[in-house]
Amino acid sequence: MQGINDFILAAAGQPWVLFLVLACCLIDGFFPPIPSESVVVGLSAVSGSSGVPNIWMLGFMAALGAFAGDNIAYIIGSRIGTQRWRWMRRQRMQGAFRWAGKELRRRAASLIMVARFIPIGRVAVNLTAGATHFNHRRFVLLTAASALLWASYSVVLGYFFGVWFEHNHLLGAVIAIVVAVILGIVIDRIISKVRGAAPLDGKNIPEQDAPPPPTV
């Protein structure tokens, strides 16, 4: 265990770690399998317990990557729509796209802000916003705010558990990641219940009530 902790500490202190965070957060904006939350929260926990990487730079790179990824997704949606690749055509993703298109017309600001915290939800909303030609200037402003909020939340959450488990970097990171995943699910369910809408992850959306997926 001590060897693992030493390895984590040594890796976290390397400059390339911050660029890894930037890349993960950027790609996660349009490709959901990339675990950007886990990377940011885990490294924040290590920062809280060891002081590396620099917590301010970590938050900045996470926010920058999230903002860039969301806007790349918008551009992808505007250019190719939401059915070009196989993973887009899966039932779960198509359900999320249909729901996102309907909700963007109703409550775009709150949807874009909340969707940033739900992996599949944010990809669906970002791509659909581009495919439906949602006002790009407004989208940029909303995603800037949502990226900053998401990065701050992820860094503070991880840092808290890092400080709590100061002498065990691995345990602090693991617990922080688990809590982040649970909170993400809880946020999704609470928002869905308050809004009276289907969850942002695209599950259980009735086919007959959903509008056709947007095309360009």
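Reading the values: rules and limits
Residues numbered from 1 in each chain as written. Predicted model: local features only at pLDDT ≥ 70, side-chain atom pairs only at ≥ 80, totals over all residues. Heavy atoms only, no water. Helix = DSSP H or I, 4+ residues; strand = E, 2+ residues; numbered from the N terminus. Polar contact = N/O pair within 3.5 Å; in protein donor to acceptor, adjacent residues only side chain to side chain. Contact = heavy atoms within 4.5 Å. Phe/Tyr/Trp six-rings, centres within 6.5 Å; stacked < 30°, edge-to-face > 60°. Buried < 20%, exposed > 50% of the residue type's maximum accessible area, 1.4 Å probe, protein only. Lys NZ or Arg CZ within 6 Å of the ring centre and 35° of its normal. Expected span 1.5 Å × (residues − 1).

*Asks:* Just checking my understanding: could you explain the side chain of N71 for this structure?
*Replies:* In this structure, N71 sits in helix 4 (residues 55-80). A polar contact of 2.8 Å, which involves the side chain of N71, links it to the backbone oxygen of F67. When sequence neighbours within four positions are dropped, the list of residues in contact with N71 reads H136, F139, V140 and T143.

*Asks:* Just to check I follow, could you spell out the packing of aromatic side chains for this structure?
*Replies:* Aromatic rings considered in pairs are described by the distance between their centres and by the relative angle of their planes. Evaluation of the coordinates by the stated rule reveals 2 aromatic pairs. Their ring planes at 35° and their centres at 4.8 Å tell us that Y74 and F139 sit as a pair that is tilted. Of this pair, Y74 sits in helix 4 while F139 sits in helix 7 (residues 136-164); the two residues are 65 residues apart in sequence, bridging distant segments of the chain. Across the pair, exposure class does not vary: Y74 and F139 are buried alike. Ring centres of F117 and Y153 lie 5.4 Å apart, and the angle between their planes is 70°; on these two criteria the pair is classed as edge-to-face. Of this pair, F117 sits in the loop between helix 5 (91-115) and helix 6 (119-131) while Y153 sits in helix 7; the two residues are 36 residues apart in sequence, bridging distant segments of the chain. Taking NZ or CZ as reference, R116 lies 4.7 Å from the ring centre of W150, over its face.

*Asks:* I'm lost on helix 6 in this one. Help?
*Replies:* Side chains three or four residues apart in an α-helix point the same way, a direct result of the helix having 3.6 residues per turn. The first and last C-alpha atoms of helix 6 sit 19 Å apart over 13 residues, in line with the 18 Å expected at 1.5 Å per residue. Counting buried positions over the 13 residues of helix 6 gives 12, a clear majority of the element. For helix 6, the set of buried residues is I120, G121, R122, V123, A124, V125, N126, L127, T128, A129, G130 and A131.

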